[in-house]
Amino acid sequence: MLDKTTFEKLIKDLVKTKIKAINWTGGGEPTQNPFLGEAIKFINENSKIEMGMFTNGSLLERFNLFEVIVKSLKWIRISIDAGKADTYDNLRKTNKNNNFDQVMKNINKLIEYKKNFKSDLIIGVGFVVTKENYKEIKKFSEIFKNIDVDYCQFKPEIIQIERHNYKNESTNNNKMQISSDFWLHKVIDLLDEAKEILNSKFECNSYKLDDLIVDVKNYGRNYKECIGSQFQPCIGADGHVYVCTNHRGHKKYSYGNIYESNFSEIWNNLEKRREIMNNINKKEKFCNCTQLCKPHESNKILWSIKTNMKDKNYINNLKDKTKKLSKTLKHINFI
């Protein structure tokens, strides 16, 4: 994880930039870093940068993060992925304290803090649907129906091919993307039941399901450039500034390291960024990229815009949609 000195240097650099938002996320667990609470507080007090967090929710009490979260973040989503304690503990438990009961206790405590501080924090819980847990979709929904979370998000498991089938790495544990039949015949009806139970709390990444079911060959990847990554780089716990979260850990996709240069210098090195993106777009042609990756949806619309820039009707319609969306989207600065 980032050491305190480097973390302090990073956040001081970030508050000087024009970035709109920060996602505190994993690939690990962001709340493991003991300096995280101080970092969030500093950014909140010294900038207009909005913040959100993806977490497993097990360590909120360890570093007493409840107050700083409800005062500083726009949203937080806690990964559960189970409807029963024993399933959760088999899937997600990493130590004796990271168990279902502790996470549920932390969720309820976070809700209590939100109410006490009259916070606008949006609290969500997540369920990544897999072959191992899909039968618990209904049970999960019943648990959170009567708990004051703002939403319950369901999304399909996406196999990260660059993690399981990367060149020069062991391929003994390769996993294939689950077939469309699984989503069509085993999952969709259960999601309909979940929607009936949760009503307005129900949320589903339907666009990912659409790509998994409708376009099983390309998974909706009809764009030729990864433009979306240029709006959402990933700073890894190792200090590298990666193209995206999916390529985290692979140095060939790093623009530089904040242990050697500050973030602004790295991000403003356009020559280095062009070199890496040319390799991804033109040479590899996404062969080492996850199909339904983090910038995937951004890439769809950005590629459409790029290829229709000379179409006045398209651009005018886009501007009209933008005006309408800007009035309805809750977290417009997050991609």
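Calculation criteria
Residues numbered from 1 in each chain as written. Predicted model: local features only at pLDDT ≥ 70, side-chain atom pairs only at ≥ 80, totals over all residues. Heavy atoms only, no water. Helix = DSSP H or I, 4+ residues; strand = E, 2+ residues; numbered from the N terminus. Rg over C-alpha atoms; globule rule 2.2 N^0.38 Å. Areas by Shrake-Rupley, 256 points an atom, 1.4 Å probe, with all protein chains shown as cover. Lys, Arg positive; Asp, Glu negative; His and termini not counted. Charge placed at Lys NZ, Arg CZ, Asp CG, Glu CD. Pairing = 2+ DSSP bridges. Axes fitted to C-alpha atoms, helices over the stretch in contact; angles between N-to-C directions. Contact = heavy atoms within 4.5 Å. Patch = residues over 30% accessible without salt bridge, like charges linked within 9 Å, V, L, I, M, F, W, Y side chains within 5 Å. Salt bridge = Lys/Arg side-chain N within 4 Å of Asp/Glu carboxyl O. Buried < 20%, exposed > 50% of the residue type's maximum accessible area, 1.4 Å probe, protein only. Phe/Tyr/Trp six-rings, centres within 6.5 Å; stacked < 30°, edge-to-face > 60°. Lys NZ or Arg CZ within 6 Å of the ring centre and 35° of its normal. pLDDT = per-residue confidence, 0-100. Arc of directions from axis to C-beta. Polar contact = N/O pair within 3.5 Å; in protein donor to acceptor, adjacent residues only side chain to side chain.

Below, the discussion takes up the overall build of the chain. Looking only at helices and strands, one finds 13 helices and nine strands in the chain. Computed over the C-alpha atoms, the radius of gyration of the chain is 20 Å, within 12% of the 20 Å expected from 2.2 N^0.38 for a compact globule of 335 residues. Projected onto its principal axes, the C-alpha coordinates of the chain cover approximately 50 × 50 × 50 Å. With the model as given, the accessible surface of the chain reaches about 18500 Å², and the carbon-plus-sulfur share is 47%. Taken as two groups, the 57 positive and 42 negative side-chain charges of the chain have centres that lie 5 Å from each other.

Strands in a sheet are paired, the pairing made by backbone hydrogen bonds, and the direction either parallel or antiparallel. Ordered in space as β1-β2-β3-β4-β5-β6, the six strands form an open sheet in which the pairing is parallel. Either end of the sheet is taken by a strand with one partner, and the two such strands are β1 (21-24) and β6 (202-204). Strand after strand, the sheet turns through a mean of 20° between neighbouring axes, direction not considered. Direction of pairing for β1 relative to strand β2 (residues 50-55): parallel, over a ladder of four bridges. By the bridge assignment for β2, tryptophan 24 is matched with methionine 53. Strand contacts of helix α6 (residues 137-145): β4 (122-129) and β5 (151-156), with the helix running at about 165° to β4, the strand carrying the most contacts.

A grouping of Leu325, Leu329 and Ile332 is seen on the molecular surface, where their side chains present a nonpolar patch of about 280 Å² in accessible area. Within the element layout of this structure, leucine 329 appears in the segment after α13 (312-328). By relative accessible area, leucine 329 is classed as partly exposed at 46%.

Here we have three strands laid out as an open sheet, ordered β7-β8-β9, and antiparallel in their pairing. One side of each edge strand has no neighbouring strand; the edge strands of this open sheet are β7 (234-235) and β9 (254-257). With two bridges joining them, β7 and strand β8 (residues 240-242) adopt antiparallel strand pairing. Along β8, the bridge assignment pairs cysteine 234 with tyrosine 242.

Among the structural elements, alanine 85 can be located in helix α4 (residues 85-92). Taking C-alpha positions, alanine 85 is 7.7 Å from asparagine 99, a pair spaced 14 residues apart along the chain.

Mapped onto the elements, alanine 21 comes out in strand β1. By relative accessible area, which is 25% here, alanine 21 ends up partly exposed. For the pair formed by alanine 21 and tyrosine 259, sequence separation is 238 residues and the distance between their alpha carbons is 22 Å.

What follows covers unusual backbone geometry. Positive phi, close to 60°, is recorded for aspartate 81, a residue that is not glycine. One can find aspartate 81 in the loop between β3 (75-79) and α4. The phi dihedral of lysine 118 is positive, around 50°, even though this residue is not glycine. Take lysine 118: it is sitting in the loop between α5 (100-116) and β4.

Attention now goes to the packing of aromatic side chains. Tallied over the full model, the rule gives 17 aromatic pairs. Where phenylalanine 182 meets tryptophan 183, the ring centres are 4.9 Å apart and the plane angle is 75°; that geometry is what we call edge-to-face. By relative accessible area, which is 6% here, phenylalanine 182 ends up buried. A connected cluster of aromatic rings, assembled from ring pairs, spans Phe127, Phe140, Phe144, Phe154 and Phe202. Its guanidinium or amino end placed over the ring of phenylalanine 286, arginine 221 lies 4.9 Å from that ring's centre, counting from NZ or CZ.

Moving on: the confidence of the model for the chain. Residues at a pLDDT of 70 or more form 93% of the chain, whose mean pLDDT is 90. Predicted confidence is poor over residues 164-173, with pLDDT under 50, and the contacts of this stretch with residues over four places away or in other chains come to 16 contacts.

Evaluated as defined, the whole model comprises ten salt bridges. One salt bridge in this structure joins glutamate 61 and lysine 105, with 3.8 Å as the shortest N-O distance. In this pair, glutamate 61 sits in the loop between β2 and α3 (66-72) while lysine 105 sits in helix α5, placing the two residues 44 residues apart along the sequence. Judged by relative accessible area, which is 31%, glutamate 61 ranks as partly exposed. Through salt bridges with shared partners, one network takes in Glu61, Lys105 and Lys109.

Those residues of helix α1 (residues 4-14) that fall on the buried side of the exposure criterion are Thr6, Phe7, Leu10, Ile11, Asp13 and Leu14. In a view along the axis of α1, the buried residues occupy a sector of 155°, so they form one face of it. The inward-facing, buried residues of α1 abut β1, α2 (36-46), β7 and α10 (263-267). Measuring from the side-chain oxygen of the N-cap residue of α1 to the backbone nitrogen of threonine 5 gives 3.2 Å; that N-cap residue is aspartate 3.

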